[in-house]
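# Analysis of the macromolecular model
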Amino acid sequence: MSTTSFLPRPASLSMAFSKRACHSLDPACYIDLPDLALERIISFIDCPRSRATVSLVCRKWHDMENYTRKEVTVAFCYTTTPSRLSGRFTKLQSLRVKGKPRADMYNLMPQNWGAYAEPWVKEVALKCPCLNSLHFRRMVVSDEDLQTLAQACGNRLRVLKLDRCSGFSTIGLQYITHYCRQLRVLFLDDSSIEDLSGNWLKELALHNSSLEVLNFHATFLSSIDVADLDAIAANCRLLRSLKVSDVELSKLSGVLSRATCLRELAGVSLSGNYGQGNGTLSSLPTGLTSLGLMYMGDDYGDTNIIPLIQPLAPGLKKLDLQLAGLSLEGHCQLLQHFNNLDVLEVLNGIGDEGLEVVGANCRNLRRLRVESGDRDFQQGYVTQRGLLAIAQGCNKLEYIALYMSDINNAALQALGEGCPKLKDFRLVLLLDEFPNPDFPLDSGVHALLEGCRDLTRLALYLKQGALSNTGMQFIGKLGKKLRWILLGLLGHSDEGFSWLADGCPNLERLEMRDCVFSEAGIARSILKLRTLKYVWVQGYKATPHGQNLLAMRVKPFWNVEFIPEQRGTSRVEHEGLEFQGFTELTRPAQFLAYNSLAGKRLDCPETVIQLV
């Protein structure tokens, strides 16, 4: 008889345990299960947090959780060692490792800071025989690392994601595409890759017939032969996602006709004269569910983009218009047709008028991202008026990220009332756009947190005076489920941060920039955040050598790294392609503190001072 035929699902078992527990105080009656039964039960648990809780029950459950764990995410690469991870999870199939702080994406970290992939690659190559999926994010990956990985894991690697990584070239990619002939996912999105040749893509076209996802979006790789993309589309019949880097749509007609399973397309560009002998308006597959286009003309892209996208409106679930070059009117004209969107990404040039159209028509929207655009090009601005429309019309939203020119308490209150499912809210208030007479936003933040009870991630990058100590206290008291907080240009005094730290019982990651708090005040408050695992702070009232941060050494397994103020020059490039010269650069003092079982790291550059 199959073991699955008589083993109940975890929910049933939980009820059984509860009933038995009512009649006995002996935990052995419901913990001492046969090994086979316990293995089957734990194997049904997918949530990492639930698995972590299971591993704490007793030694037997801990060992069984280790044995059955297939996927692991290392939230920061210096919190543990590769050998500790491989020794604990012997059946590991999927590994995700995050490296540099998010601040590195905005050029706020010193060069050669760290986050090298080499020790992780060597460990998985030797000690993880079951590994078939590897994901590095913001890591430094060398060509040698990719060669080692390809030669050791090539016959079993199915998924490789190098997400916002750097340090490698197309030579390293060629090792991957030559040896890893069963790849289903190759993801290189937004990575800095030295473009030495296009042979990596040719190898992929020659040897792979299993590829389902190919993504080299925003990599600025130019040595791309469209004939190789044609061959990939012909050989890989299950190709469902293709995200390229500035490839003309007119050159992809063969690819799009052969890729019959294609559902996601991005990074495709249109010139200003598209449709005038360079392509036809029927070039996009009608089965697409996700689309992102780039318009490369000198004017607005309305006349080219709208006729191309609008026929796909009934089936599209995700639409990225950040590089579409639409005017304010163009946004309004196009978005009124998209009633089934789940995800929308635009620039703030969409304006309040465009968000009103979204609120009226995109009732099923779950994720909305409004990035900052070119002030000299855009026609519209996003203020509380647009946010009010979204709050009133898009009640299923779970994620909102907004760059706004103005905000008031009423809009935040409306969001709390209209979007109760919100789990992730990020607001950046652009400087010097409009006066803000409704500051502080204390009552609005209170209403937001009161209404959005499931909020786990909160980012507020506002202006001085936008939030008083009382507002900080509201975050602490009402942010009971918050696990990540980003604060920028906020606060009135150390007391406000102290009040925040009195609450937030589940906070794990904290990032602050350009806040008014003192070094000593920050250190004292961090000690009160018992669940905190990671904190990055820049632009505070720092001492010359970070001596007040030494107070944090009482936290067990806690590393503290201080980076003094840095002055120098930085390269200026145009869209990552053309060297423009150098500019003066000043980075205020910053520090990074994190929980680690590995002790002090051994690859610290001279610019980083290890305090604890």
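Parameters at a glance
- Residues numbered from 1 in each chain as written.
- Predicted model: local features only at pLDDT ≥ 70, side-chain atom pairs only at ≥ 80, totals over all residues.
- Heavy atoms only, no water.
- 1 Å grid on protein atoms, 1.4 Å probe; cavity = no way out; pocket = protein on both sides within 12 Å on 5 of 7 lines; lining within 4 Å.
- Points joined across faces, edges and corners; volume = space filled by probe spheres on them.
- Nonpolar A, V, L, I, M, F, W, Y, C, P; charged D, E, K, R; others polar.
- Helix = DSSP H or I, 4+ residues; strand = E, 2+ residues; numbered from the N terminus.
- Contact = heavy atoms within 4.5 Å.
- Buried < 20%, exposed > 50% of the residue type's maximum accessible area, 1.4 Å probe, protein only.
- Pairing = 2+ DSSP bridges.
- UniProt positions renumbered as here; feature names shortened; annotations may be inferred.
- pLDDT = per-residue confidence, 0-100.

In the nomenclature of an unreviewed UniProt entry, the protein is known as F-box domain-containing protein of Adiantum capillus-veneris.

Over the atoms a probe the size of a water molecule is rolled, and this reveals where empty space is left. In this structure, the second largest pocket spans a volume of roughly 280 Å³. Lining the second largest pocket are 15 residues, with Tyr 78, Thr 80, Thr 81, Arg 601 and Leu 602 positioned closest to its centre. Split by residue class, the lining of the second largest pocket holds eight nonpolar, four polar and three charged.

This part is about the side chain of Ser 197. The residue Ser 197 is located in the loop between β7 (193-194) and α10 (199-207) in this model. Residue contacts for Ser 197: discarding those within four places in its chain leaves Thr 170, Gln 174 and Ser 223.

We now examine the environment of Val 357. Structurally, Val 357 is set in helix α15 (residues 351-361). A relative accessible area of 16% places Val 357 in the buried class. C-alpha separation for the pair Val 357 and Leu 334, spaced 23 residues apart in sequence, amounts to 9.4 Å. Apart from residues lying up to four places away in sequence, Val 357 is in contact with Cys 332, Leu 335, Gln 336 and Cys 362.

The subject of this paragraph is the pairing of strand β10 (residues 264-270). The buried count for β10 comes to six of seven residues, which makes it a mostly enclosed element. By the bridge criterion, six bridges tie β10 to strand β11 (residues 290-295) in an arrangement that is parallel. Counted as the bridge partner of Val 268 is Leu 293 from β11.

The general pattern is negative phi for most residues beyond glycine and trans for most peptide bonds. That bond from Phe 439 to Pro 440 is cis: its omega, -5°, falls within 30 degrees of zero. The phi dihedral of Phe 220 is positive, around 60°, even though this residue is not glycine. Mapped onto the elements, Phe 220 comes out in the loop between β8 (213-215) and α11 (226-235). You can call Phe 220 partly exposed: its relative accessible area is 40%.

What follows deals with the UniProt feature "domain: COI1 F-box" (unreviewed entry) in the protein. In the UniProt entry, the feature "domain: COI1 F-box" (unreviewed entry) is given for residues 33-71. Note that residues 33-71 is 67% helix and 3% strand, and that its end C-alpha atoms are spaced 24 Å apart.

What follows concerns the confidence of the model for the protein. Looking at the protein, the pLDDT average stands at 90 and 90% of residues meet or exceed 70. The low-confidence segment residues 572-579, where pLDDT is below 50, has 13 contacts with residues more than four positions distant or belonging to other chains.

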